[in-house]
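Chain by chain, the residues:
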Amino acid sequence: MSVAMVIATHPVLACADAVEAAVKDVADLQPVFMSTAEKQQALRRLAVVEARLAELRLRVLAASGEVGEQSGARDAAAWVAHETRTDARTARADWHLAKALEQRQTVAVGMREGRVSPTQARVITASLEALPAHLGPTLACEAEQTLVGYAAHHPPRELRHLGRRILEVVAPEVAEAEESRRLEDEERRAREKSSLRFRDLGDGRARIAGILPTSVTERLKTYLQAYTSPRHHSHSCPGEPAGTPSGGPFERMPQHRAYARAFAALLENLDPDGLPEHGGDATTVMVTISLEQLRAELATAGILTPGGDESVSAAQARRVACQASIIPVVLGGDAEILDVGRAQRLFTRAQRRALRLRDRRCRAEGCTVPATWTEAHHLRPWSEGGPTDLANAINLCAHHHHRIHDRSYEHRLLSSGDVRFHRRT
């Protein structure tokens, strides 16, 4: 007589069986016969079910560290990618989200209840990971609860923007300084990761590919839009694509092609004799900053660009002030405009020529970059009332010009006239 062995099925597997059976039951049904109201209801409810199933799957994945070890795979993510024929990058992203949800129970509960989609969960966890660690777990918990609440009303793109500004909601007293630190770190990484490559295609064309800091890209767009502006062409109409930047007959073309022609025209109109003197002329920009921000070491400023209002650190704004023609807009309480200055070129051609003759090279200690490839810098910042004269000027290469505005370094003027740098401890 055989004894039937009854093996209990784990509730998670029973759930998978039930879901699979329920989906099979409607496999041959055609939604075309559903009413509009039924389709709307189904789409909403299925999105909730997807979020709940995704949270359950991620919960299992987070607890499956031994799965990879048993099969010889690198980890559970690699095993899942192979077994389910999933892209390895997708499986790896799921693994990171699964581990993040172990620490972010409010987000996990939101997914479990269908209030937070997987994409929203990724945005929220990324925003929380970007919070400064020194602010502590209590503040992070408050930020998590706030962002999960926002998920009920905002799609991932808006939620990402809210996540970047979450400190203004949960800790407004430190938001300004932390935002300044974040912007400075972002700007430094952008400089370190920037690249520009040229590839000759062999048919009279070349491919340019690059990743540049946003401030550099916006400056280039300003130049190119000046060449592609419809006002420069007598036959252009508002809203139409720009014409030929060379001033010839108006020609309709896509914006990216107009930019390409404008770039060629920009290079043709550059004065080669002027380029080594100051690295070319920077664009005229409007910088908005309050009196308090202008005086603070950690602060932010706004720059009006063709792409809209951009936030930069106050240090970046001060670097722009060294090289660019700027229009400072100083704000008081309630953002009222206290003063709108005039655009001004901080160093004249004659002054830059005299600086080249005097300094001969970048005046950073040990630097041998020739003066023709340097930029004029105010020893006493222009934003603090420093005069634009030779006694307050020094030549620095682009690397050391960034360094002298970098708060992570201290600098000292030596008796020789050189500048010595060292990292703050």
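Small disclaimer: the values here were computed from a predicted structure and weren't measured.

Notes on the overall build of the protein
And step 1. Assigned secondary structure in the protein consists of 18 helices and eleven strands.
And step 2. Sorting the 425 residues of the protein into buried and exposed places 34% on the buried side.
And step 3. Long-range pairs, those at least 24 residues apart, make up 52% of the contacts in the protein with a sequence separation of at least 6.
And step 4. Here the protein displays about 26500 Å² of accessible surface, and carbon together with sulfur accounts for 55% of that area.

Section: the state of the cysteines
And step 1. Taken as a whole and assessed by the stated rule, the structure comprises zero disulfides.
And step 2. With no disulfide of its own, C367 has C362 as its nearest cysteine by sulfur position, at a separation of 3.7 Å.
And step 3. Among the residues examined, C367 registers a relative accessible area of 10% and is labelled buried.
And step 4. Sulfur of C397: no disulfide; nearest cysteine sulfur belongs to C362 and is 3.7 Å away.
And step 5. Overall, the relative accessible area of 6% leaves C397 in the buried class.

Quick look at the pairing of strand β10 (residues 409–413)
And step 1. For β10 and strand β11 (residues 419–423), the ladder comprises five bridges, and the chain directions are antiparallel. Residue E410 lies in a different strand from β11, and its bridge partner there is H422.

A few points about the pairing of strand β8 (residues 375–378)
And step 1. Here β8 shows two buried faces, one formed by E375 and H377 and the other by A376 and H378.
And step 2. One ladder, built from four bridges, connects β8 with strand β9 (residues 393–396); its direction is antiparallel. Each bridged residue has a counterpart across the sheet, and for E375 the counterpart in β9 is L396.

Some remarks on the packing of aromatic side chains
And step 1. Scanning the entire structure with this criterion turns up zero aromatic pairs.
And step 2. Geometry around Y409 places R403 over its ring, the cationic atom sitting 4.3 Å from the centre.

What counts and what doesn't
- Residues numbered from 1 in each chain as written.
- Predicted model: local features only at pLDDT ≥ 70, side-chain atom pairs only at ≥ 80, totals over all residues.
- Heavy atoms only, no water.
- Helix = DSSP H or I, 4+ residues; strand = E, 2+ residues; numbered from the N terminus.
- Buried < 20%, exposed > 50% of the residue type's maximum accessible area, 1.4 Å probe, protein only.
- Contact = heavy atoms within 4.5 Å.
- Areas by Shrake-Rupley, 256 points an atom, 1.4 Å probe, with all protein chains shown as cover.
- Disulfide = S-S within 2.5 Å.
- Pairing = 2+ DSSP bridges.
- Phe/Tyr/Trp six-rings, centres within 6.5 Å; stacked < 30°, edge-to-face > 60°.
- Lys NZ or Arg CZ within 6 Å of the ring centre and 35° of its normal.

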